[in-house]
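So you can see what is in the structure, the chains are spelled out below.
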Amino acid sequence: MVAQSLSTTVTLNNGVRMPILGLGVFKVPDEETYRVVTEALEIGYRHIDTAAYYQNERGVGRAVGDSGLRREDIFVTTKVWYNEHGRKETLAAFDRSLEALGLDYVDLYLVHWPREGRMEAWKAMERILDEGRARAIGVSNYLVRHLDDTIARSPVVPAVDQVEFSPFLYQKELLSYCRSRGIVLEAYSPLARGRRFDDPRLVKLASKYGRTPAQMMLRWVLQKGMVAIPKSAHPERMRENASVFDFEISAEDEATMDRFDEGYHTTWDPESIP
Ligand SMILES: NC(=O)c1ccc[n+]([C@@H]2O[C@H](COP(=O)([O-])OP(=O)(O)OC[C@H]3O[C@@H](n4cnc5c(N)ncnc54)[C@H](OP(=O)(O)O)[C@@H]3O)[C@@H](O)[C@H]2O)c1
């Protein structure tokens, strides 16, 4: 049941299918990543989110390679860090990521932050897409103005924008902008790193549904038509986080959760980036 649900996909603007629930591996040390990703794949996760910045692409790639699964059945995302923006630099960073992952292609390549030089990075990514070395390209931490700027200057609309998003950081305008342009919005830190699990309103709703606060937060994101990539290094929590396909939050309770928004960021807010 869980394994089957983890294969549920959304279709990106270029036809590529992306599993709507994945595993994030930020802050998992490379030597532990092999075990974590191997366990996730055993549970049924088919989407892994890493980045050059996380320094654990090797562990991800080894786990994917040793899994016995077909490469085309696993969706792998990685990202270019902002110190490698530039046509040449981004192409070289991508080669290093592929080498570390031990893969011939990634499923999704993202500009990690909309910092200086992002358009040159994007141009390099257009080429990577063209060459078939990334099946889709997208961005991360982009606000509406960053997306507008990219779309105005490129024939390729980002397939995905990966941003921090949770009931405590409900980016409603960005979501409706992305919906209107066919960009899939992907929620990182969808659990607010566990820092709001004890919110009494969340605890109350969770007990009404017989679910955990983590499951309520993930279900809320999925009901918005988004993709979520919770991180856990523990298989029992990975299973818990994946068990969100067999219940629905009512429209009324979803609206209650919408009101949890307090602009709560666990990481940098891209608002200050012009
Ligand atoms: N694009 C970006 O700039 C960006 C930024 C941040 C994150 N991300 C991506 O998004 C992924 C997820 O975000 P995140 O790691 O920041 O935060 P998160 O997924 O919101 O929360 C992860 C934290 O919650 C704990 N946890 C997970 N499931 C739990 C459960 N069921 N019960 C209790 N605790 C639980 C984890 O601990 P344990 O591991 O000990 O279980 C970990 O401490 C990252 O791994 C990364 O892939 C992207």
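Just above sits the structure.
What counts as what
- Residues numbered from 1 in each chain as written.
- Predicted model: local features only at pLDDT ≥ 70, side-chain atom pairs only at ≥ 80, totals over all residues.
- Heavy atoms only, no water.
- Pairing = 2+ DSSP bridges.
- Helix = DSSP H or I, 4+ residues; strand = E, 2+ residues; numbered from the N terminus.
- Contact = heavy atoms within 4.5 Å.
- Axes fitted to C-alpha atoms, helices over the stretch in contact; angles between N-to-C directions.
- Patch = residues over 30% accessible without salt bridge, like charges linked within 9 Å, V, L, I, M, F, W, Y side chains within 5 Å.
- Areas by Shrake-Rupley, 256 points an atom, 1.4 Å probe, with all protein chains shown as cover.
- Salt bridge = Lys/Arg side-chain N within 4 Å of Asp/Glu carboxyl O.
- Lys, Arg positive; Asp, Glu negative; His and termini not counted.
- Charge placed at Lys NZ, Arg CZ, Asp CG, Glu CD.
- Buried < 20%, exposed > 50% of the residue type's maximum accessible area, 1.4 Å probe, protein only.
- Near = heavy atom within 4 Å.
- Polar contact = N/O pair within 3.5 Å; in protein donor to acceptor, adjacent residues only side chain to side chain.
- Nonpolar A, V, L, I, M, F, W, Y, C, P; charged D, E, K, R; others polar.
- Parallel < 35°, antiparallel > 145°, perpendicular 65-115°, else oblique.
- Left-handed = near helix turned anticlockwise from the far one by under 90°.
- Phe/Tyr/Trp six-rings, centres within 6.5 Å; stacked < 30°, edge-to-face > 60°.
- Lys NZ or Arg CZ within 6 Å of the ring centre and 35° of its normal.

S.K.: What exactly am I supposed to notice about the sheet that holds strand S9 (residues 184–188) here?
M.R.: Within a sheet, neighbouring strands are paired by backbone hydrogen bonds and run either parallel or antiparallel to one another. The parallel open sheet is built from eight strands, whose spatial order is S3-S4-S5-S6-S7-S8-S9-S10. Every other strand in the sheet has two partners, leaving strand S3 (23–24) and strand S10 (227–228) as the edge strands with one partner each. As defined by bridge partners, strand S4 (residues 47–49) adjoins strand S5 (residues 75–80) across three bridges and the pair is classed as parallel. The residue of S5 that forms the bridge with Asp49 is Thr77. Along the sheet, helix H5 (residues 118–130) makes contact with S5, strand S6 (106–111) and strand S7 (134–140), crossing S7 at roughly 165°.

S.K.: It is not clear to me how a positive patch on the surface should be interpreted in this structure. Could you clarify?
M.R.: A cluster of basic residues, Lys27, Arg193, Arg195, Lys231 and Arg237, forms a positive patch at the surface. As for its placement among the helices and strands, Arg193 is situated in the loop between S9 and helix H8 (200–209).

S.K.: Explanation requested: helix H3 (residues 57–66) in the structure shown.
M.R.: Because an α-helix completes one turn every 3.6 residues, residues spaced three or four positions apart along the sequence face the same direction. Along H3, the residues that are buried comprise Glu57, Gly59, Val60, Gly61, Ala63 and Val64. Considering only its buried residues, H3 is in contact with helix H2 (30–43), S4, S5 and helix H4 (87–101). Note on H3: the residue one or two positions beyond its end, Gly68, has a positive phi of about 80°.

S.K.: Which parts of the structure should I look at to understand the site of the ligand?
M.R.: Surveying the vicinity of the ligand reveals 28 residues, the closest of which are Asp49, Arg193, Lys231, Ser232 and Arg237. In this structure, an oxygen atom belonging to the ligand sits 2.9 Å away from a main-chain N or O atom of Leu191. One of the side-chain N or O atoms of Arg193 is found 2.6 Å from an oxygen atom in the ligand. Here the ligand has 900 Å² of accessible area as a free molecule, and 88% of this is covered by the chains. When the residues that make up the shell around the ligand are grouped by side-chain class, the tally is 13 nonpolar, nine polar and six charged.

S.K.: Got a minute to help me understand the packing of H4 against H5 in this structure?
M.R.: If you want to describe how two helices pack, look at the angle between their axes and the distance between the axes. Contact pair H4 / H5: the axes reach a minimum separation of 8 Å and the direction vectors enclose 50°. In terms of axis orientation, H4 runs oblique to H5. Where H4 crosses over H5, the handedness of that crossing is right-handed. In contact with Arg87, Thr90, Leu91 and Phe94 of H4, H5 contributes Glu120, Ala121, Lys123, Ala124, Met125, Arg127 and Ile128. A breakdown of the residues in the contact of H4 with H5 according to their chemical character gives six nonpolar, one polar and four charged.

S.K.: Where do I start with the packing of aromatic side chains in this structure?
M.R.: Where two aromatic rings form a pair, the distance of their centres and the angle of their planes describe that pair. Applying the stated rule across the entire model yields 13 aromatic pairs. Ring geometry for Tyr170 versus Trp220: centroids 5.2 Å apart, planes at 80°, classification edge-to-face. Of this pair, Tyr170 sits in the loop between strand S8 (160–164) and helix H7 (172–181) while Trp220 sits in helix H9 (residues 213–223), placing them 50 residues apart in sequence. Trp220 matches Tyr170 in its accessibility class, with the two residues each being buried. Chaining the aromatic ring pairs together yields one cluster made of Phe26, Tyr53, Tyr54, Trp81, Tyr82, Trp113 and Trp268. The ring centre of Tyr82 lies 3.9 Å from the NZ or CZ of Arg115, which sits over that ring. In this structure, Arg219 is placed above the aromatic ring of Phe247, and the distance from its NZ or CZ to the ring centre is 6.0 Å.

S.K.: Looking at this model, I keep getting lost on the packing of H8 against helix H11 (residues 251–258). Mind explaining?
M.R.: Viewed as axis vectors pointing N to C, H8 and H11 meet at an angle of 160°, and their least axial separation amounts to 11 Å. With respect to each other, H8 and H11 are oriented roughly antiparallel. Of the two elements, H8 crosses H11, and the hand of that crossing is left-handed. Contact residues: H8 offers Leu202, Leu205, Lys208 and Tyr209, while H11 offers Asp253, Thr256 and Met257. Here the contact of H8 with H11 is built from residues that sort into four nonpolar, one polar and two charged.

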